[in-house]
Amino acid sequence: MKLNELTAHEIRELIRKGEVSSEEVTKSVFERIEKVEKKINSFVTLTKEEALREARSVDEKIRKKKKISPLAGVPIAIKDNMCIDGVLTTCSSKILENFRSPYDATVIKRLKANDLVFIGKTNMDEFAMGSSTENSAFEITHNPWDLEAIPGGSSGGSAATIASDEAILALGSDTGGSIRQPASLCGVVGLKPTYGRVSRYGLIAFASSLDQIGPITKDVRDSALLMNVISGYDERDSTSCNYPVPDYTESLISDVKGVKIGVPKEYFVKGMDEEVEKSVKDAIGLLEKLGAKVEEVFLPHTEYALATYCLIVSTEASTDLAYYDGVGYGYRAQSRNLDEMYQNTREKGFGDEVKRRIMLGTYVFSHYDYYLKAQKVRTLVKEDFDKVFEKCDCLITPTSPTPAFKIGEKMDDPLRMYFPDIFTVPANLAGIPGISIPCGFTKKGLPVGLQILAKPFAEETILRVAYSYEQNTGWHRRRPAICDSQ
Ligand code: GLN
């Protein structure tokens, strides 16, 4: 096995024992990128020189027997909506094409303090709006399992880079499913933490009451290790929670005896793919065999979640994106006067999906009743979860109703593009944590993801159930054929 194919915890052991250096691991990652990146397009920016420099400085620390953190020297890819000091941060948008961040996001600061090695910024739907990574202003990312299919979105670059072994770890962001859905479609692990668990300072906002940063990894243990680094209170983020951070690796117990799992009836809908449904039901059967107690539960307001999400997300986006006007940041269109400059900059700088949402959001905000009603329904969705979590430890559902679809298939129908999020959006509305882990493959060889949800700050329950399932199956070890053919 090549170094780039290993997990972070495997690499950590080798580095700790002195059997490999961070520089060797980083080089193997870049060799892989050189081989497959032309086919996948995971990255919008690569920072090879800086990465090798960082890797060598970690190796130096190890040589000098300095104390290092568990993930020191491990290469990581960052979604391009998180600020790294001095590095391009584009949100895959023309409007930020030349924007170099003058500061580090809090998650980046934490990763730096733990000596992780940044290899580059990953492609995404523009401003994280989308479910397929086709809305990037720069390139379309391809699914490593089928190069003609989308990788999911909006963190499609981060999920594809993990699935194709171009990186060891990655960060994504999830506003309505953008960590979990691409993780599911690319056959990797994606965790959206509780809202407020991970600081959003330095994450370019899409919809501030829903956005959350989280890990995209090859297995559940890596997800726990990365959570240990990025979680915790940050006084720079007023929505960050001052709540103790456990050692998440202690939740990695392969035992679900007595765990109460709810299976929401509303998450098995007409129109969903039969193979997805079967894989998820088989997974639930396996957990039951392993000792979990499974029961059907009801979340009656689920059917309103997507419409509610569309209204809230667009309204927040219309204000969060208001300051891209050609003055403070990035792109500025040549114009004769100030008004024209604002107008032309926004017209030429933003892509179609972003403009659609800004227009919808501005409209909703000017009819305040719509927004207010959406907020009330949001509370009902949350109360559904509160009620089932009185008797269940977690919920199990499919992550996405279908496997990866073909590039271009939904681009002419923006409403259909929301459909892949029907099972992920409710967790963002309620602020609860959720993970997607691989739970099978379709006959055509496309990955299927299983979603586990729990109450706020119960990431430990999620990790325990996910780990137990993973230890009793081998889906996460499968690699796309692109690895063999290269
Ligand atoms: N696909 C959803 C949307 O376009 C979710 C995006 C996200 O989570 N960033 O709104």
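Basis of the calculations
- Going along each chain's sequence as written, the residues are numbered from 1 onward.
- In view of the model being predicted, local features appear only for residues whose pLDDT reaches at least 70, and side-chain atom pairs are presented and counted only at 80 or more, with totals across whole chains, interfaces and linings using the full set of residues.
- Calculation of side-chain values draws on the structure's entire complement of heavy atoms; hydrogens and water are dropped beforehand.
- Being near a molecule or strand, for a residue, comes down to having at least one heavy atom within 4 Å of it.
- Two N or O atoms form a polar contact when they lie within 3.5 Å of each other; inside protein one atom must be a possible hydrogen donor and the other a possible acceptor, and for residues adjacent in sequence the pair counts only when both atoms belong to side chains.
- Using the Shrake-Rupley algorithm and a 1.4 Å probe, accessible areas are obtained, with residue cover drawn only from the displayed protein chains.
- Put simply, Ala, Val, Leu, Ile, Met, Phe, Trp, Tyr, Cys and Pro go in the nonpolar bin, Asp, Glu, Lys and Arg in the charged bin, and everything else, Gly too, in the polar bin.
- By definition, any uninterrupted DSSP run of H or I lasting at least four residues is a helix, any uninterrupted run of E lasting at least two residues is a strand, and each is numbered from the N terminus.
- Only protein chains enter the calculation, and the probe is 1.4 Å; a residue is then buried if its accessible area is under 20% of its type maximum, exposed if over 50%, and partly exposed in between.
- Contacts between residues were defined by any pair of non-hydrogen atoms, one from each residue, lying within 4.5 Å.
- What counts as a salt bridge is simple: a side-chain nitrogen of Lys or Arg found within 4 Å of a carboxyl oxygen of Asp or Glu.
- Within this analysis, patches are made of residues with over 30% relative accessible area and no salt bridge. Like charges are joined at 9 Å or less; nonpolar side chains (Val, Leu, Ile, Met, Phe, Trp, Tyr) at 5 Å or less.
- To estimate how far a helix should reach, multiply one less than its number of residues by 1.5 Å.
- This arc is taken over the directions from the axis of the helix to the C-beta atoms.

**Q** Would you mind going over the site of the ligand with me for this structure?
**A** Taken together, 14 residues lie around the ligand, and Gly 176, Ser 178, Tyr 309, Arg 357 and Asp 421 are the ones closest in. Contact distances for the ligand include 3.3 Å between an oxygen atom and a backbone N or O atom of Gly 177. Within the side chain of Tyr 309, one N or O atom sits 2.5 Å away from an oxygen atom of the ligand. Bound to the protein, the ligand loses 99% of the 290 Å² it would expose on its own. Looking at the shell around the ligand residue by residue, the class counts come to four nonpolar, seven polar and three charged.

**Q** Explanation requested: the environment of Thr 122 in the structure shown.
**A** With respect to the element layout, Thr 122 can be found in strand β3 (residues 117-122). For Thr 122, a relative accessible area of 0% gives the class buried. Each C-alpha atom of the pair Thr 122 and Thr 175 lies 17 Å from the other, and the pair is 53 residues apart in sequence. The residues contacting Thr 122, other than those within four sequence positions of it, are Ser 42, Phe 43, Val 44, Ala 77, Ile 78, Lys 79, Asp 80, Gly 157, Ser 158 and Thr 161.

**Q** Please explain the pattern of salt bridges as it appears in this structure.
**A** As a working rule, side chains carrying opposite charge can pair if their charged atoms are close by. One pass over the full model with this rule turns up 23 salt bridges. With a closest N to O distance of 3.8 Å, Asp 237 and Arg 200 form a salt bridge. Of the two residues, Asp 237 sits in the loop between α7 (220-230) and β7 (260-264) while Arg 200 sits in the loop between β5 (189-192) and β6 (213-217), which places them 37 residues apart along the sequence. Judged by relative accessible area, Arg 200 falls into the buried class, the value being 14%. Residue Arg 336 is joined to Glu 340 by a salt bridge in which the shortest nitrogen-to-oxygen separation is 2.7 Å.

**Q** Just checking my understanding: could you explain a nonpolar patch on the surface for this structure?
**A** Where nonpolar side chains cluster on the molecular surface, the patch consists of Val 327, Leu 338 and Tyr 342 and spans about 270 Å² of accessible area. Mapped onto the secondary structure, Val 327 falls in the loop between α9 (302-320) and α10 (338-349). Among the residues examined, Val 327 registers a relative accessible area of 48% and is labelled partly exposed.

**Q** Explain helix α12 (residues 368-388) to me, please; I cannot follow it from the model alone.
**A** With 21 residues, α12 extends 31 Å from end C-alpha to end C-alpha; this agrees with the ideal 30 Å at 1.5 Å per step. Within α12 the residues assigned to the buried category are Tyr 371, Ala 374, Val 377, Arg 378, Val 381, Asp 384, Phe 385 and Val 388. Down the axis of α12, the buried set is contained in an arc of 125°. They therefore lie on one face. For α12, the exposed residues set more than 90 degrees away from the buried face come down to Asp 369, Lys 373, Lys 376 and Lys 387. Buried positions along α12 lie against β8 (293-297), α9, α11 (352-366), β9 (394-398), α13 (425-430) and β11 (447-453).

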